[in-house]
2 protein chains.
Amino acid sequence: MSKKIYKPKPTSGFPEWLPEQRAVELKWLDIIRAKFESYGFCSIETSAVEKVETLLAKGGDADKEIYSLKRLHDIGQEETSKVALHYDLTVPLARYIAINGNNLTFPFKRYQIQKCWRGERPQEGRFREFCQCDIDVLDQESVSVEYDAELPKIIYEIIEQLEVGPVNIHINNRKVLEGFYQGLGIEDITSVISIVDKIDKLGIDMVGKMLSSELSLPKEVVSKCLELATIKTFDNSFLSKIRSLGVESETLNSGLEELSLVLERLSDIPEGVVIIDLSIARGFDYYTGTVYEGKLANYPDYPTIFAGGRYENLVGSFTNKRIPGVGISIGITRIISKLFKENAVKLGPKCPTTVLVAQLPGLESKASRFVAHKLRSRGYNVEVFHDNAKLNKQIKYADKKGIPYVWFPSINNDSHEVKNLKTGEQIRTSVMTWLPDESMI
Amino acid sequence: MSKKIYKPKPTSGFPEWLPEQRAVELKWLDIIRAKFESYGFCSIETSAVEKVETLLAKGGDADKEIYSLKRLHDIGQEETSKVALHYDLTVPLARYIAINGNNLTFPFKRYQIQKCWRGERPQEGRFREFCQCDIDVLDQESVSVEYDAELPKIIYEIIEQLEVGPVNIHINNRKVLEGFYQGLGIEDITSVISIVDKIDKLGIDMVGKMLSSELSLPKEVVSKCLELATIKTFDNSFLSKIRSLGVESETLNSGLEELSLVLERLSDIPEGVVIIDLSIARGFDYYTGTVYEGKLANYPDYPTIFAGGRYENLVGSFTNKRIPGVGISIGITRIISKLFKENAVKLGPKCPTTVLVAQLPGLESKASRFVAHKLRSRGYNVEVFHDNAKLNKQIKYADKKGIPYVWFPSINNDSHEVKNLKTGEQIRTSVMTWLPDESMI
């Protein structure tokens, strides 16, 4: 019978890592989880799918990026054809709270580390499948502004531990924008925000033209909008700069107060990281207060690596209760794929093994398994070589996998030997007393 | 503007957990990962989707359970309409190795903990989305039979640590079945295996009738098949029982040798757990040697909680190289959902917080944040209460979330106080010396 071979190829936009890359990702995810938990956030997971109605209930233009599901051999419209993969973790969180709210204690602080899917055309930093690490606080009626400051602090501590290089955290407040535009007498505030939000991509001149031509705003109003959008400060000088534009409104005052508090709370972060950036709006129409965007400072053209903000009505569309929240999402796939591409991260080991126990000629395999068992019970990661091949071959296997130690068992408790493959040093030892060099594991 | 409310409901077959349930799942996943790594297995993840061709290349009747993906607003057949969610982690592993084989070191020992999806009708123990924990060893040309024994040992150690109650590990070897049927002169061995595999569901009599009527096997052959299928032993007495049936073949001998070795290697496991069970075949046509099925002994009618076996040609359909393997997959969603339903597992805490730092009247919030920072740097999970509500309310919050300690900060380093909410005891302490009761965290 001739063998039929189907040669598979990687699927574009669905990244996969080799074990030594995955080891880095896993270490990162451990750091992120530990940090989230150290601030008291609990883990939840939501199903990969949502009802299409749930996803569409959030509006926006997300619908065209949604992957819907269909059983391969379904004929007609089954129930399952009405579910789709989630494209973020925020809408699923809102839906989860709408369903489980009565069993949760508020403020509800949760983290969620899961894959998301979008039917986008893949390009640098944009994937069809990607891992997001989300952290949100939701509360009944109102969420303390303290969380607006706590979240970027947590994210900064994580980013620092991940050693991804310098980052910038751009922070703004939608109330400042809305209040400012109100003060200018602008009626269609949403349109102004969505146009000004493109200032990074289109530049000041083009945005100015669009504000004039599309919204028919007077020249002096456009000018004020552009002046506001170009304010970027590391300290609270943004306050006097905005005040000097001579625009007043209650919403503006409230926004500036929140922005000042957030900046003050982040004063421990080294100067130059946090930028009060009045050009940041975040496209999503559900943000209502503080908004965040994080960038890798070394790659300014690379897309945002984390983002988020405060929202008042997200859960509101699913329930009668008022449950506002604030959250940030880290795009871990986006960060790690860039660092892999730039060779800017040290790869991990090909396997977690610290000791390979060899099988020696003339010694029962039981002896090797016994050593492995004892070392494992002492907390080490240990493999037994799978047959009694020549020692050369066994050592070569350890070397190729980056296993630092090869153990040569003995029937005499005190005459085991261990070879350090990095230094070549071989010592006599015993299973209960041996200690590896800390730098090797 | 009247608010339009869309009330979401859970989606059948896509289980979700409350935080206190998720805490158990997370603990389990940590145990599983640590055990896999302690035996030197590396982590990989594959994309949630595979090309439909890849999934179908494995044959079987899996196709009708496959969820394919479609962009919601796609018209016509785009590339993305030809991908589907994976229904297990074995086919994706084979495809991953076909693509990445040149960058891997063999024997390749990997674990993989991911969601899988099947378009099945949900019922007890059967979900549309479920988490599988897979462990496999693959090697070029041949895989050492030592791994056939190592894998169920690893799984048993995990199951023991998870405290899911007593389990049974049913083990058989497809070579024994095939060799026995060969020795009986049966030609259509695959059909016999697939009929005998149903003995648990249909009973001996029905299986006997099917072997006679559907395959026209002579009465004495059917009788031998049924005698073989009913052999179940805790020790190596299966050898004499099979021999006494008087059937001979080389394949049978080879299978019995492997089965004996596996049983011998598992002799550390308490008696009664491992069952050599000649009725087990595993439906999948890719198994060629050792096969495993795990059951919760307390719930004999509940489906298999882990399963696997040895396969020779799985990767072979994707590449010219011969890369056989052996693996086991634990159905973690299946186990945990049953234990939740039976109230047979202690739920975890609602949040990971050990200490809630209160905000005291007359004291700046900075003082509370400072305490939290110091305690976090000592490795504790700490929340600061988010406003200066009445102390009663702050303590009630900790109590509702199951946070064991409430901290009352002071501007004097040595006059902080901590209340143990379980005992009611309140002591004076300092941020650098305080130690929680080990049983409380």
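Colleague: What's the story with the relation of the copies chain B and chain A in this structure? I'm lost.
Modeller: Relating the two copies of this chain is a rotation about some axis coupled with a shift parallel to it. Least-squares fitting of chain B to chain A yields an RMSD of 0.0 Å, with the transformation described by 0.0 Å of translation along the axis and a rotation of 180 degrees. Taken together, the rotation and translation relating the two chain copies correspond to the operation of a two-fold axis. Distance from the rotation axis, computed per C-alpha, reaches its smallest value in chain B at Leu 69 of chain B: 2.5 Å. When the interface residues of chain B are mapped onto chain A, 100% of them again lie at the interface, so the same face is used by both copies.

Colleague: Mind showing me how you'd approach the interface of chain B and chain A here?
Modeller: Facing the 99 residues of chain B at the interface are 99 residues of chain A. Summing both partners gives a buried area of about 8,700 Å² for chain B against chain A, and 52% of it is carried by carbon and sulfur. Of all residues in chain B, the largest losses of buried area upon contact with chain A belong to Tyr 6, Glu 16 and His 386 of chain B, amounting jointly to 8% of the total for that side. For the pair chain B and chain A, the interface holds twelve salt bridges. We note a salt bridge from Arg 369 of chain B to Glu 146 of chain A, for which the minimum N-O separation is 3.9 Å. Applying the counting rule to chain B against chain A returns 41 residue pairs in polar contact (both at pLDDT 80 or more). Counting residues per element, the side of chain B that touches chain A draws most heavily on helix H1 (residues 19–38) of chain B, which supplies eight residues.

Colleague: It is not clear to me how unusual backbone geometry should be interpreted in this structure. Could you clarify?
Modeller: Of all residues except glycine, most have a negative phi; of all peptide bonds, most are trans. Residue Pro 107 of chain A is reached from Phe 106 of chain A by a cis peptide bond, and omega for that bond is -5 degrees. The residue Pro 107 of chain A is located in the loop between helix H3 (90–100) and strand S5 (108–117) in this model. Non-glycine residue Glu 141 of chain B carries a positive phi angle of around 70 degrees. As for its position among the elements, Glu 141 of chain B is in the loop between strand S6 (129–138) and helix H4 (146–162).

Colleague: Help me understand the nonpolar core in this model?
Modeller: The tendency in soluble globular proteins is for nonpolar side chains to be buried as a group. Judged by nonpolar contacts, the single largest core of 84 residues is most densely connected at Trp 28, Phe 36, Tyr 181, Leu 211 and Ile 242 of chain B. Among residues more than four places away in sequence, those in contact with Leu 211 of chain B are Val 192, Ile 195, Val 196, Ser 216, Leu 217, Val 222, Cys 225 and Leu 226 of chain B. Counting residues in each nonpolar core, the second largest holds 83 residues, with Ile 32, Phe 41, Ile 159 and Val 207 of chain A among its members.

Colleague: I keep staring at the packing of aromatic side chains and nothing clicks. Help me out?
Modeller: One pair of aromatic rings is described through two measures. These are the centre distance and the angle between the planes. Enumeration according to the criterion identifies 21 aromatic pairs over all chains in this entry. Residues Phe 180 of chain B and Tyr 181 of chain B carry aromatic rings whose centres are separated by 6.3 Å and whose planes lie at 80 degrees to one another, so their mutual orientation is edge-to-face. Using a relative accessible area of 0% as the deciding quantity, one classes Phe 180 of chain B as buried. Assessed through its relative accessible area of 1%, Tyr 181 of chain B is described here as buried. Stacked on the ring of Tyr 39 of chain B, the Lys or Arg Arg 376 of chain A has its end atom at 3.4 Å from the ring centre.

What counts as what
- Residues numbered from 1 in each chain as written.
- Chains lettered and ligands numbered in written order.
- Predicted model: local features only at pLDDT ≥ 70, side-chain atom pairs only at ≥ 80, totals over all residues.
- Heavy atoms only, no water.
- Least-squares fit on C-alpha atoms with pLDDT ≥ 70 in both.
- Contact = heavy atoms within 4.5 Å.
- Buried area = accessible area lost by both parts, 1.4 Å probe.
- Salt bridge = Lys/Arg side-chain N within 4 Å of Asp/Glu carboxyl O.
- Polar contact = N/O pair within 3.5 Å; in protein donor to acceptor, adjacent residues only side chain to side chain.
- Helix = DSSP H or I, 4+ residues; strand = E, 2+ residues; numbered from the N terminus.
- Core = buried A, V, L, I, M, F, W, Y, C linked by side-chain atoms within 4.5 Å.
- Buried < 20%, exposed > 50% of the residue type's maximum accessible area, 1.4 Å probe, protein only.
- Phe/Tyr/Trp six-rings, centres within 6.5 Å; stacked < 30°, edge-to-face > 60°.
- Lys NZ or Arg CZ within 6 Å of the ring centre and 35° of its normal.

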